[in-house]
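Listed below are the residues making up each chain.
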Amino acid sequence: MKRNPIISMTLFWVLGLFFTAISYGNATAAETIKIGVAGAHSGDLASYGIPSVKAAELVVKEVNARGGILGRQVELLVEDDVCKPEVATNTATKLASQKATAVLGHICSGATKAALGIYKDAKIVVISPSATNPELTQSGRYPNFFRTIASDDAQARLEVDFALDVLKVKKIAVLHDKGDYGKGLAEYAKKFIEESGKASVVFYEGITPGAVDYSSVVQKIKRSGAEAVIYGGYHPEASSIVSQMRRRAMKTTFISDDGVKDDTFIKVAGTYAEGVYATGPKDTTKNPLAIAAIEAHRKTYGSDPGAFFLNAYAGMQAILNAIEKARSTKYKAVAGALRSHYVDTPLGKIKFDNRGDAIGVGFSMYQVRKGVYVQVR
Amino acid sequence: MDYFLEIFLSGLTRGSIYALIALGYTMVYGIIELINFAHGEIYMIGAFTALIIASVLTTLGMSGPAVLILAGIVAVIYASAYGFTVEKIAYKPLRGASRLSPLISAIGMSIFLQNYVMLAQTSDFLPFPNLLPELPFLESTAHIMGSTDFIIIATTAVVMVALTLLIKFTRMGKAMRATAQDRNMAMLVGVNVNRVISATFIIGSALAAIGGVLIASHIGRINFYIGFIAGIKAFTAAVLGGIGSIPGAVLGGLVLGWTECFATGYVSSDYEDAFAFALLVLILILRPAGILGKASVQKV
């Protein structure tokens, strides 16, 4: 059948107007302050993203019960990016079109990086509780970006210092999962080791995430004679590698990052996890605000909070505090307030430096001892 | 030399893992020329069923090989039921349609099953207990080849031989070959084609479930997404070996496993996938039907 071009053009226009009308209607109807929450809420990294949603819900519930911010209620727009950059751009576009004032997220560095440009053009403040890629703040390209977690080079610095000064190893293998997060961290670790001159990197490679087994990489580590492995990546691969090393009776020390400092790692790797080192955010168990936030989570959801919960909680508080201090939801005012006003959060008293990194947030070294992560430094 | 042997054995294990899943792909393709993308999900469901049954049995106080056998049997039955149902729901109504329609239906089924398991179970990784027994005669070689590696390799070999015998010498096997050659003609001479296709799916799914139990024991963790990557690699192996050919699936799996492991061992694991797929391209240029595949004339 041949289509009449005029009819199809008309149809196109009518449909176009129809959709425009709908989105216009939405934009004017709301009186609430809209805050986006973006991150992995499904998929295999959902355990990193869901706790942020819960943190946001808890903060907002409390604020709304108090009467909201600037006399307006706060509304959350929760969007899933499955930790994938290609999905994250859609998520960002959607949140921008829904006129979010600020966004808490995204969770993974790769997805965050992909989404940031869109937020920047739309003049939306973004606070990530977990994206640790150094470039996000250090490149200076994203003045709208803030985070309540220290960047990867801080973690790599701690890992390397710990390996060299405390464990005193001389031969180190550096592995990563080829992702933005893992590879970024591994590159810093390699650089720091080489600069120190105290130890050598005997092995530097990327593994394929999700592969059915890693025995050949493990054999190669063994052959390299490394005394310690520094791994940049997430817990699914780390648990496989550690298990296969231990099953082959290798005692090589395993040091990793906060992608591995997750209880799922211990649950999955079981006894093989014993002795594994991982860096993670500073211990906040004695902070009364943290205790209250965790208690609220237990009461509302009936379980202990997951990864990055407190970072997300602090991020959400920082956003709302900045809006209140700025007495406006305008981008410039909110971003300025984030940099100039301290806010009390479960992570301590924080504000942000010019690049967007939180002042007063850092990392500690943890080790798995008898099935739990214990802070060692 | 020792290092070479270690890498060789790693490749053998990895290749056997691919082969075990690839057998199901290749059987279904051989009979109805459909790439059953939901096959990886059946493998995942097999592993989940085994995990649930094993946890229940362990709480009831059972241990050792009894848990493995019972969990394995239930997983096989359950996964076969899924395979059977998937075929009835998603492929049978499309049997007369163009070849693309069941392919899309298969991808849809795959996504559906993944999300179904995610919602019904969890999106987290779950620890999978090592159900396989420690073989005493392998104790001295545990640093290069453990019991789980050995059991996976042996199972793949046994399954391959059993399937070949089934297809060559039994009535059902004869009916399968007839259906593969010409479905309409087979129907005319009295072969119950529907039953043959169902049987193919049931056998393929049973193999996937066995693979699921063994591989999950080897890796030690499962989540709803494991079927996807394993499925893609197994599919590559099936194509490499010549899709539709049973020894071809095993050979393809092994070649893929070795390529990946040697690339990791002697070059860099950064290029593991690059080497594997470069090999696939090379083989498909030289032998478009795969290593053991027969070049077939397109039936119109």
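Residue numbers run consecutively from 1 along every chain, following the written order of its sequence. Chains carry letters and ligands carry numbers; both start at the beginning, A for chains and 1 for ligands, and go up in the order they are written. With pLDDT at 70 or above as the cut-off, local features in this predicted model cover only qualifying residues; side-chain atom pairs require 80 or more to be listed or tallied, and sums for whole chains, interfaces and linings still use all residues. By convention in this description, side-chain values take in all heavy atoms of the structure and omit both hydrogens and water.

### Focus on the overall build of chain A
Argument step 1. Runs of H or I in DSSP of at least four residues are treated as helices and runs of E of at least two as strands, each being numbered from the N terminus. For chain A, the helix and strand inventory stands at 13 helices and 15 strands.
Argument step 2. In summary, chain A has a C-alpha radius of gyration of 23 Å against a globular reference of 21 Å for 377 residues, a match within 12%.
Argument step 3. Expressed as lengths along the three principal axes of its C-alpha atoms, the size of chain A is roughly 70 × 65 × 40 Å.
Argument step 4. Counting over 377 residues, chain A shows a buried share of 55%.
Argument step 5. Contact between two residues is taken to exist if any of their heavy atoms lie within 4.5 Å; hydrogens are not considered. Taking all contacts inside chain A whose residues are at least 6 apart in sequence as the whole, residues at least 24 apart take part in 67%.
Argument step 6. To measure how exposed things are, a 1.4 Å probe is used in the Shrake-Rupley method; for residues, cover is taken only from the protein chains shown. Of the accessible surface of chain A, which amounts to about 15800 Å², a share of 56% is contributed by carbon and sulfur atoms.
Argument step 7. Only four residue types enter the charge count, namely Lys and Arg as positive and Asp and Glu as negative; His and the chain termini do not. For this purpose, a charge sits on NZ of Lys, CZ of Arg, CG of Asp or CD of Glu. Of the charged side chains in chain A, 48 are positive and 37 negative, and the gap between their average positions amounts to 2 Å. For the radius of gyration, the atoms used are the C-alpha atoms, and the globule rule reads 2.2 Å times the number of residues raised to 0.38. Residue burial is assigned from relative accessible area. The probe radius is 1.4 Å, only protein chains are included, and a residue is buried under 20% of its type maximum, exposed over 50%, and partly exposed in between.

### Focus: the pairing of strand β4 (residues 125-128) of chain A
Residue and element names in this part refer to chain A.
Argument step 1. The two faces of β4 match: Val125 and Ile127 on one face and Val126 and Ser128 on the other face are all buried.
Argument step 2. Two strands form a pair only when DSSP identifies at least two bridges running between them. Sheet topology note: the strand β3 (residues 102-104)/β4 ladder contains three bridges and is parallel. Bridged to Val103 within β4 is Val126.
Argument step 3. By convention, a crossover is right-handed whenever its connection, traced from the first strand over the helix to the second and viewed with the strands pointing away, goes clockwise. Handedness of the crossover joining β3 and β4 through helix α4 (residues 109-121): right-handed.

### With respect to the interface of chain A and chain B
Reports often express the size of an interface as the amount of accessible area lost when the parts come together.
Argument step 1. Listed as interface residues are 36 residues of chain A and, on the opposing side, 36 residues of chain B.
Argument step 2. Across the chain A to chain B interface the summed buried area is about 3000 Å²; carbon plus sulfur atoms make up 47%.
Argument step 3. Buried area, as used here, totals the accessible surface that two parts lose on assembly, with accessibility defined by a 1.4 Å probe and the loss added over both. Its largest share of buried area at the contact with chain B, chain A owes to Val212, Ser216 and Arg247 of chain A, together 20% of the area lost on that side.
Argument step 4. Salt bridge criterion: a side-chain nitrogen from Lys or Arg within 4 Å of a carboxyl oxygen from Asp or Glu. A salt bridge links Lys222 of chain A to Glu6 of chain B; its shortest N-O distance comes to 3.9 Å.
Argument step 5. Polar contacts, as used here, are pairs of N or O atoms within 3.5 Å; protein pairs need one atom able to donate a hydrogen and one able to accept it. Residues neighboring in sequence count only if both atoms are side-chain atoms. Scanning the region where chain A abuts chain B turns up twelve residue pairs in polar contact (both at pLDDT 80 or more).
Argument step 6. Those elements that place two or more of their residues in the side of chain A that touches chain B are α2 (46-65), β7 (200-206), α8 (215-224), α9 (235-247) and α10 (263-269) of chain A.
Argument step 7. When the residues that make up the side of chain A that touches chain B are grouped by side-chain class, the tally is nine nonpolar, 15 polar and twelve charged. Residue polarity follows a fixed list, in which Ala, Val, Leu, Ile, Met, Phe, Trp, Tyr, Cys and Pro are nonpolar, Asp, Glu, Lys and Arg are charged, and the others, Gly among them, are polar.

### Some remarks on the environment of Gly64 of chain B
Argument step 1. Relative to the assigned elements, Gly64 of chain B resides in the loop between α2 (39-59) and α3 (65-91).
Argument step 2. Each C-alpha atom, one on Gly64 of chain B and one on Leu132 of chain B, is 8.2 Å from the other, the two residues being 68 residues apart in sequence.

### Examining the domain arrangement of chain A
Residues and elements named next belong to chain A.
Argument step 1. What fixes the domain bounds is an automatic or database domain assignment. You can read the domains of chain A as domain 1 (31-149 + 285-361) and domain 2 (153-275).
Argument step 2. Each of domain 1 and domain 2 was reduced to a C-alpha centroid, and the two centroids are 30 Å apart.
Argument step 3. Domain 1 puts 14 residues into the contact, and the matching count from domain 2 is ten residues.
Argument step 4. With both chains or domains summed, domain 1 and domain 2 bury close to 930 Å², and 47% of this area falls on carbon and sulfur atoms.
Argument step 5. Counting the surface domain 1 buries against domain 2, the share from its top three residues, Tyr48, Thr132 and Pro134, is 42%.
Argument step 6. Summed over the shared surface of domain 1 and domain 2, the number is zero salt bridges.
Argument step 7. Taken together, domain 1 and domain 2 are joined by two residue pairs in polar contact (both at pLDDT 80 or more).
Argument step 8. Put simply, the parts of the chain that give the side of domain 1 that touches domain 2 at least two residues each are α2 and α4.
Argument step 9. By residue number, the principal contributor to the side of domain 1 that touches domain 2 is α4, which donates three residues.

### Description of the environment of Lys99 of chain A
Argument step 1. Residue position: Lys99 of chain A is located in the loop between α3 (85-97) and β3.
Argument step 2. Residues Lys99 of chain A and Gly39 of chain A lie 60 residues apart in sequence; the distance between their C-alpha atoms is 18 Å.

### A word on the sheet that holds β3 of chain A
All names here are of chain A.
Argument step 1. Spatially, β2-β1-β3-β4-β5 is the arrangement adopted by the five strands of the open sheet, whose pairing is parallel. The open sheet has two free edges, formed respectively by β2 (74-80) and β5 (145-147), since each of these has just one partner strand. Going across the sheet, the axis of each strand differs from the next one's by a mean of 25°, ignoring polarity.
Argument step 2. Working convention: axes come from line fits to C-alpha atoms, limited for helices to the stretch in contact. Angles between N-to-C directions cover 0 to 180 degrees. In this fold α2 packs onto β1 (33-39), β2 and β3, with an angle of close to 170° to the strand it touches most, β2.
Argument step 3. This element, α3, spans β1, β2 and β3 of the sheet and lies at about 155° to β2.

### Focus on the nonpolar core
Argument step 1. Residue types Ala, Val, Leu, Ile, Met, Phe, Trp, Tyr and Cys, when buried and joined through side-chain atoms within 4.5 Å, form a set referred to as a nonpolar core. Ranked by size, the top nonpolar core spans 92 residues in total, and within it Leu23, Tyr91 and Ile222 of chain B carry the most contacts.
Argument step 2. The dominant element in this core, judged by the number of residues it contributes, is helix α1 (residues 2-32) of chain B, at 15 residues.
Argument step 3. The contacts of Ile222 of chain B, once residues within four sequence positions are left out, are Ala47, Phe48, Leu51, Asp124, Phe125, Leu126, Phe128 and Ala216 of chain B.
Argument step 4. Residues Ala40, Ile124, Tyr181 and Phe308 of chain A belong to the second largest nonpolar core, which totals 51 residues.

### What about the pairing of β7 of chain A?
All names here are of chain A.
Argument step 1. Where strand β6 (residues 171-176) lies against β7, six bridges are found, and the strand directions are parallel. Each residue of the ladder has a partner; that of Ile172, found in β7, is Val201.
Argument step 2. For the crossover from β6 across helix α7 (residues 180-196) to β7, the handedness is right-handed.

### Some thoughts on the side chain of Ser10 of chain B
Argument step 1. Tracing the backbone through its elements, the reader meets Ser10 of chain B in helix α1.
Argument step 2. On the basis of relative accessibility, which here comes to 1%, the residue Ser10 of chain B falls in the buried class.
Argument step 3. The contact partners of Ser10 of chain B, leaving out residues within four places of it in the chain, are Ser215, Ser216 and Gln219 of chain A together with Cys261 of chain B.

### Examining α2 of chain B
Argument step 1. Here α2 of chain B is 21 residues long and its end C-alpha atoms lie 31 Å apart, about the 30 Å a rise of 1.5 Å per residue gives.
Argument step 2. Burial analysis of α2 of chain B places 15 of its 21 residues in the buried class, the great majority of the element. Here, expected helix span is obtained from the residue count minus one, scaled by 1.5 Å.

### Notes on the pattern of salt bridges
Argument step 1. Inspection of the entire model under this criterion finds 21 salt bridges over all chains.
Argument step 2. Between Glu260 of chain B and Lys233 of chain B there is a salt bridge, and its shortest N-O distance comes to 3.1 Å. Here Lys233 of chain B lies in helix α9 (residues 226-241) and Glu260 of chain B lies in helix α10 (residues 246-267), a separation of 27 residues in the sequence.
Argument step 3. Here Lys233 of chain B falls in the buried class, since its relative accessible area comes to 8%.
Argument step 4. Linked through salt bridges whose partners overlap, the residues forming this network are Asp213 of chain A together with Arg14, Lys233, Glu260, Glu272 and Asp273 of chain B.

### Quick notes on the state of the cysteines
All names here are of chain A.
Argument step 1. Pairs of cysteine sulfur atoms within 2.5 Å are identified as disulfides in what follows. As enumerated under the stated definition, the model contains one disulfide over all chains in all.
Argument step 2. Paired through a disulfide, Cys83 and Cys108 show a sulfur-sulfur distance of 1.6 Å. Residues Cys83 and Cys108 share a disulfide whose torsion about the S-S bond is about 55°; that sign makes it right-handed. Taken together, the residues span a long stretch of sequence, with Cys83 in the loop between β2 and α3 and Cys108 in the loop between β3 and α4 at a distance of 25 residues. Both residues of the pair, Cys83 and Cys108, belong to the buried class.

### Here we look at a nonpolar patch on the surface
Residues and elements named next belong to chain B.
Argument step 1. For patches, a residue must show more than 30% relative accessible area and have no salt bridge; joins then use 9 Å for like charges and 5 Å for nonpolar side chains, namely Val, Leu, Ile, Met, Phe, Trp and Tyr. A contiguous nonpolar surface patch, about 480 Å² in accessible area, is contributed by Phe4, Tyr266, Val267, Tyr271 and Phe275.
Argument step 2. For Phe275, the position within the fold is in helix α11 (residues 272-286).
Argument step 3. Assessed through its relative accessible area of 37%, Phe275 is described here as partly exposed.

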